[in-house]
Amino acid sequence: MSVLHMLLLTLFYCPLASQSDNVHVERTSVLHGLPNGYIRAIMEDSYGYLWFGTREGIFRYDGYEFKAYRHDIFDQQSLSHPDINAIIEDSTGSLWVATAHGLSFLDRRTGKFQRFYPTLDTSLEARQQNSISCIIALSADQLLLGIRNKLFLFDKRKKSFTLIPIIAEEGKEFFIRSFLADQDKIWISTNNGLLTYNLSDGVCSDFTQTPPALVNAPISGLAHGPNGGLWVSTSQELIEYYPSKNQNRSIAIPAYLATSSINHLFKAKDGKLWLSFYQNGLAMYDPSNNAWNHYTHSSILMNSLNNNTVTRIFEDRFANIWVVTINGTSILRLDQSGFSEAQKI
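Residues numbered from 1 in each chain as written. Predicted model: local features only at pLDDT ≥ 70, side-chain atom pairs only at ≥ 80, totals over all residues. Heavy atoms only, no water.

## Quick notes on the overall build of the protein chain
Right, so step 1: From N to C terminus, the protein chain includes three helices and 29 strands.
Right, so step 2: Within the span of the protein chain, comprising 345 residues, buried residues form 52% of the whole.
Right, so step 3: With the model as given, the accessible surface of the protein chain reaches about 15,900 Å², and the carbon-plus-sulfur share is 48%. (Helix = DSSP H or I, 4+ residues; strand = E, 2+ residues; numbered from the N terminus. Buried < 20%, exposed > 50% of the residue type's maximum accessible area, 1.4 Å probe, protein only. Areas by Shrake-Rupley, 256 points an atom, 1.4 Å probe, with all protein chains shown as cover.)

Below you can see the structure in the form of structure tokens.
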């Protein structure tokens, strides 16, 4: 039995009362085992383990119990900082953790970490330049890191950081939010439009060929679209964009959602888009029929979201959608294979 299958056996299950007949919402009880309910990152690795990044370190779930990896000021082989922003697994199966102060590499054999810092300056201002917001593996030897308004390349073999200049008009500032890998480039979402990092020459530049709605806009999410296109969300809009043709289409957002800003965009394996809205729960958009479903928290319904402020959206190998909120995690089961009774741990 897989790790994730075991985890799902520990969930409290009940069918969704509204919005869709083929979706179930479950509030997890297993995650009550976490010492910190505020989850900032969630990842399923190639071994089937689930990893949760919190403000108190990272936690691995094996289907039975949690194993904690924490920051220890007296242990240089612990996490570089307790506040976790991202966790990735590279092509070699190695785990890299982006923290609020440095990059940490986990040696799976020993459970020990190696710490890496873009700057060794200990001043407060310099320490802020070590806060890694996002990370992506470019190859077996290189990682790309977003650190506030800067972009760094990390060479695993040399264990060194290289600052990547951002080509843009003078005075324009960016705060790097996320990465999306494409065939020949990395798309970079920022608070001030899109950037591209070309894999062939290592040049990063402001992508100015975007439609007016994306120019200097706060980009809240990126996902691959059909036929080489992109799905791009700003704080107020969802846009289907084709960079090679410089064509775009704005998706009409229902009035009950349009009053809230979009915090996050996630594309599931079935092509549906999941968007979190500020204090307005979660929405699912199906491009095949232009339909929307809305999921919110209810104080009287157990089969609702834990909270209306959604911070992360994640899809596991069974196509279940994990919805992380500031008050716990819900799972939207799309296959109706949930258990009518479950043991809580």
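## Overview of the nonpolar core
Across soluble globular proteins, nonpolar side chains have a tendency to be buried as a group.
Right, so step 1: Membership of the largest hydrophobic core comes to 15 residues, with the highest contact counts inside it found for Trp-96, Leu-103, Ile-135, Leu-143, Leu-145 and Phe-154.
Right, so step 2: Of all the secondary-structure elements, those providing two or more residues to this core are strand E6 (84-89), strand E7 (95-99), strand E8 (102-107), strand E11 (142-147) and strand E12 (150-155).
Right, so step 3: By residue number, the principal contributor to this core is E11, which donates three residues. (Core = buried A, V, L, I, M, F, W, Y, C linked by side-chain atoms within 4.5 Å.)

## A few points about the pairing of E12
Right, so step 1: Burial analysis of E12 places five of its six residues in the buried class, the great majority of the element.
Right, so step 2: In the sheet, E11 pairs with E12 via six bridges, with the strands oriented antiparallel. Residue pairing across strands places Ile-147 opposite Lys-150, the latter belonging to E12.
Right, so step 3: As consecutive antiparallel partners, E11 and E12 are separated by two residues, and within that stretch Arg-148 has a phi angle of approximately 55 degrees, a positive value.
Right, so step 4: Pairing of E12 with strand E13 (residues 160-164) involves five bridges; the strand directions are antiparallel. Looking across to E13, one finds that Phe-152 is bridged to Leu-163. (Pairing = 2+ DSSP bridges.)

## Topic: the side chain of Glu-315
Right, so step 1: Topologically, Glu-315 is positioned in strand E27 (residues 310-315).
Right, so step 2: Of the residues examined, Glu-315 reaches a relative accessible area of 10% and is grouped as buried.
Right, so step 3: A polar atom in the side chain of Glu-315 sits 2.8 Å from the backbone nitrogen of Lys-269.
Right, so step 4: When neighbours within four sequence positions are excluded, Glu-315 is seen to be in contact with Phe-266, Lys-267, Ala-268, Lys-269, Asn-320 and Ile-321. (Polar contact = N/O pair within 3.5 Å; in protein donor to acceptor, adjacent residues only side chain to side chain. Contact = heavy atoms within 4.5 Å.)

## A word on the packing of aromatic side chains
Right, so step 1: Under the defined criterion, the tally for this structure stands at 15 aromatic pairs.
Right, so step 2: Measuring from centroid to centroid gives 4.9 Å for Trp-187 and Phe-207, while their planes differ by 80 degrees, and the two rings are edge-to-face. Here the residue Trp-187 occupies a position in strand E16 (residues 185-190), and Phe-207 occupies one in the loop between strand E18 (204-206) and strand E19 (219-224), the gap between them amounting to 20 residues.
Right, so step 3: On the accessibility criterion, Trp-187 (1% relative accessible area) is buried.
Right, so step 4: By relative accessible area, Phe-207 is classed as buried at 13%.
Right, so step 5: These aromatic residues form a ring-pair network of at least three members: Trp-96, Phe-105, Phe-116, Phe-152, Phe-154 and Phe-161.
Right, so step 6: Above the plane of the ring of Tyr-69 lies Lys-67, whose end atom (NZ or CZ) is 5.4 Å from the centre. (Phe/Tyr/Trp six-rings, centres within 6.5 Å; stacked < 30°, edge-to-face > 60°. Lys NZ or Arg CZ within 6 Å of the ring centre and 35° of its normal.)

## As for the sheet that holds E19
The strands that make up a sheet are held in pairs by hydrogen bonds between backbone atoms, and each pair lies either parallel or antiparallel.
Right, so step 1: Spatially, E19-E20-E21-E22 is the arrangement adopted by the four strands of the open sheet, whose pairing is antiparallel. If you trace the sheet from one side to the other, it starts and ends with E19 and strand E22 (247-251), each paired once. Strand after strand, the sheet turns through a mean of 20 degrees between neighbouring axes, direction not considered. (Axes fitted to C-alpha atoms, helices over the stretch in contact; angles between N-to-C directions.)

## Observations concerning the confidence of the model for the protein chain
Right, so step 1: For the protein chain, the average pLDDT comes to 84, and 84% of its residues sit at 70 or higher.
Right, so step 2: At the level of individual helices and strands, the protein chain shows its lowest average pLDDT in helix H1 (residues 3-8), which scores 45, and its highest in E7, which scores 97.
Right, so step 3: Across residues 1-22, where pLDDT falls below 50, the model places 76 contacts with residues more than four positions away in sequence or in other chains.
Right, so step 4: Within the model, the stretch residues 336-345 combines pLDDT values under 50 with 25 contacts to residues more than four positions away or in other chains. (pLDDT = per-residue confidence, 0-100.)

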